[in-house]
Amino acid sequence: MALKVELKPGERIIIGDSVITNDNQRTRLFIEGQAPILREKDILTPATADTPAKRVYLAVQLMYLSTDLERIQENYFTLVNDIVKAAPSTIPYVTRISNAILTGAFYKALKEARKLIEYEGTLIGHVQTGSASLPENEPGGGVTEGAGSESADESRSSAAADQG
């Protein structure tokens, strides 16, 4: 089954290692194959990755788009170790992201990293308002241990199909 993507005028999309920019009218694409696919709204750049959680997302994004995972994974593990040391309540998020990476479900890992960014925003909001801690029902975002594991046979094309 093909992934259907509708692009707004001027919107960009990454397919494989190519950046495609839409012209001045809406366009509908039907994409089949194994290439990683990212819409412009899901793309972070080094300049926009300005928080620890966003840097984790950027590392996962690079793993999703790259064929050279070793170097990126080293950076990823350094980043997640730092974020867990600074905020241990992020462990459930990091666990879900890492589980998805280990099973090759990079797009799912990106979705989980997006949740980490949201949680980081909540933490920062509590610090800025002077709250001593999060409400008891929020640490870890209500994530249960072991959540997020998925079968090892998920490929990039099936992950891409989740985007639509």
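Quick look at the structure, then. Bear in mind that the values here come from a model prediction, so they are computed numbers and not experimental data.

1. So, the overall build of the protein chain
Alright, step 1. Secondary structure summary: the protein chain contains five helices and five strands in total.
Alright, step 2. Its helices and strands in sequence order give the protein chain the pattern β-β-β-β-β-α-α-α-α-α, from N to C terminus.
Alright, step 3. Relative to its full complement of 164 residues, the protein chain shows a buried share of 40%.
Alright, step 4. Sequence separation of at least 24 residues holds for 56% of the intrachain contacts in the protein chain that already meet a minimum separation of 6.
Alright, step 5. Total accessible area computed for the protein chain in this model is approximately 9300 Å², and 52% of it derives from carbon and sulfur atoms.

2. What about the environment of Asn-99?
Alright, step 1. By the element assignment, Asn-99 lies in helix 3 (residues 91–102).
Alright, step 2. Residue classification places Asn-99 among the partly exposed positions, given a relative accessible area of 22%.
Alright, step 3. In this structure the C-alpha to C-alpha distance between Asn-99 and Ala-109, which are ten residues apart in sequence, comes to 8.0 Å.

3. A look at the packing of helix 1 (residues 52–65) against helix 2 (residues 69–86)
Alright, step 1. Where helix 1 meets helix 2, the closest approach of the two axes is 9 Å, and the angle between their N-to-C directions is 160°. In terms of their interaxial angle, helix 1 and helix 2 are classed as roughly antiparallel. Remark: the crossing between helix 1 and helix 2 carries left-handed chirality. Across the interface between the two elements, Pro-52, Ala-53, Arg-55, Val-56, Ala-59, Val-60, Leu-62 and Met-63 from helix 1 touch Leu-69, Ile-72, Gln-73, Tyr-76, Leu-79, Val-80 and Ile-83 from helix 2.
Alright, step 2. Split by residue class, the contact of helix 1 with helix 2 holds 13 nonpolar, one polar and one charged.

The rules behind these values
Residues numbered from 1 in each chain as written. Predicted model: local features only at pLDDT ≥ 70, side-chain atom pairs only at ≥ 80, totals over all residues. Heavy atoms only, no water. Helix = DSSP H or I, 4+ residues; strand = E, 2+ residues; numbered from the N terminus. Buried < 20%, exposed > 50% of the residue type's maximum accessible area, 1.4 Å probe, protein only. Contact = heavy atoms within 4.5 Å. Areas by Shrake-Rupley, 256 points an atom, 1.4 Å probe, with all protein chains shown as cover. Axes fitted to C-alpha atoms, helices over the stretch in contact; angles between N-to-C directions. Parallel < 35°, antiparallel > 145°, perpendicular 65-115°, else oblique. Left-handed = near helix turned anticlockwise from the far one by under 90°. Nonpolar A, V, L, I, M, F, W, Y, C, P; charged D, E, K, R; others polar.

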